[in-house]
Amino acid sequence: MKRIAVLTTGGDAPGMNAAIRSVVRYGTNNKLEVWGVFRGWWGLINEELKVLDHRSVSGIINQGGTILKTARCQEFYTPEGQERAFQTIKKHDIDGMVVIGGNGSFTAAHIFCTKYNVACIGIPASIDNDINGIDETIGTDTAVNTALTAIDNIRDTATSMERIFVVEVMGRDSGFIALTVALAGGCEEAIIPEKKFDFEAACHDIVNGNLRGKISWIIVTAEGAGRAEDVAKKINEITTLETRTVVLGHIQRGGRPTARSRDIALVLGRSAVDCLLKGLSDKVVGIAGGKIVTVDFQKAIAKKEFNLEGMYNLIKQLS
Ligand code: F6P
């Protein structure tokens, strides 16, 4: 292994830059030439890549987003797109690739590395924390803390004006952000895609609480479970109480990565290079139970298992 390429694909996540820095620095320190591919798979198809040296990743460890840019590239799912990407790999004599992204990125990486026998190692980076077989993706901790700051702010006005707020968070098909911030933010309800939500029971609690003098509520909804507007409308229809909505949206994707998001990124950047040096491929590196592990791409993209019932119950026990 002499020359490797690194790219970021799919939705950006805070800490991706720290991962790039780790791959470039550890790779070059181990006598590898490291190429950066721009805009994910699109850059491989369109031959947008350049050598990254030690200095080129200076001063990025604290920055959100990705200096390599990122994109969602449908063309990569076509045989023509894959063939063009492979031609770029061949032309530049690239022996292995580090793919920093989420489950869409790993689905594509699995297809690519098995079809063309190009070594690919994935580094999990996505705010959704939906990669199976590992504890936490790069960016999750930052996104959760960004959402939590917003919820703490909302609490001030919700309490002062005695109102019901419905706050929508990201996560695609995962309820991880919603559950985590609802618990840490002291919210009354979390609506998540993994669990059927009982509107009648929740509204019954709200009305009863109201009679006892509890007037302000914060209900967190995961985007994949229900949009804030729809949830608020339904609560209003059942309870007749006035509600306000907040959609946190892409605010959760940006900002300065937390120490945890950076540290995971730095550890996994090194591990990904080590995997390529050992001749491994078709795998994701991650941390599970405090240990560095590798998980096959196919397992990593399956539905993530986590103890959502435990977290959900705690929210209800403490509200
Ligand atoms: O996968 C990360 C994520 O932020 C999801 O939580 C969200 O559903 C999606 O990306 C939004 O994608 P886009 O920025 O392409 O609209």
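Residues numbered from 1 in each chain as written. Predicted model: local features only at pLDDT ≥ 70, side-chain atom pairs only at ≥ 80, totals over all residues. Heavy atoms only, no water.

*Asks:* Explain the sheet that holds strand E2 (residues 33-37) here, please?
*Replies:* The strands that make up a sheet are held in pairs by hydrogen bonds between backbone atoms, and each pair lies either parallel or antiparallel. One open sheet accounts for 7 strands, arranged E3-E2-E1-E4-E5-E10-E11; its pairing is mixed. Strands with a single pairing partner mark the edges of an open sheet, and in this sheet they are strand E3 (49-51) and strand E11 (291-296). Recorded for the sheet is a direction-independent mean angle of 25° between the axes of neighbouring strands. Here strand E4 (residues 96-101) runs beside strand E5 (residues 119-124); their pairing, made up of 6 bridges, is parallel. Bridging from a neighbouring strand, Val99 pairs with Gly122 of E5. (Pairing = 2+ DSSP bridges. Helix = DSSP H or I, 4+ residues; strand = E, 2+ residues; numbered from the N terminus. Axes fitted to C-alpha atoms, helices over the stretch in contact; angles between N-to-C directions.)

*Asks:* Can you walk me through the packing of helix H6 (residues 176-184) against helix H11 (residues 308-318) in this structure?
*Replies:* In a pair of packed helices, the angle between the axes and the distance between the axes together describe the arrangement. Two numbers describe how H6 lies on H11: the axes approach to 9 Å, and their chain directions differ by 30°. With respect to each other, H6 and H11 are oriented roughly parallel. When the axes of H6 and H11 are compared, the crossing they make is left-handed. Across the interface between the two elements, Leu179, Thr180, Ala182 and Leu183 from H6 touch Leu308, Met311, Tyr312, Leu314 and Ile315 from H11. Residues of the contact of H6 with H11, tallied by class, amount to 8 nonpolar, 1 polar and no charged. (Parallel < 35°, antiparallel > 145°, perpendicular 65-115°, else oblique. Left-handed = near helix turned anticlockwise from the far one by under 90°. Contact = heavy atoms within 4.5 Å. Nonpolar A, V, L, I, M, F, W, Y, C, P; charged D, E, K, R; others polar.)

*Asks:* Is there a simple way to think about the pairing of strand E6 (residues 164-169) in this case?
*Replies:* Sheet faces and side chains relate simply in a regular strand, where the side chains alternate between the two faces. Among the 6 residues of E6, 6 are classified as buried, and the element is accordingly described as predominantly covered. The side-chain alternation of E6 yields two buried faces, one formed by Ile164, Val166 and Glu168 and the other by Phe165, Val167 and Val169. Judged from the 6 bridges that link them, E6 and strand E8 (residues 217-222) form a sheet pairing that is parallel. By the bridge assignment for E8, Glu168 is matched with Thr221. Of the pairings in the sheet, the one linking E6 to strand E9 (residues 243-247) comprises 5 bridges and is parallel in character. Bridging from a neighbouring strand, Glu168 pairs with Val247 of E9. (Buried < 20%, exposed > 50% of the residue type's maximum accessible area, 1.4 Å probe, protein only.)

Just distances and angles here, no functional claims.
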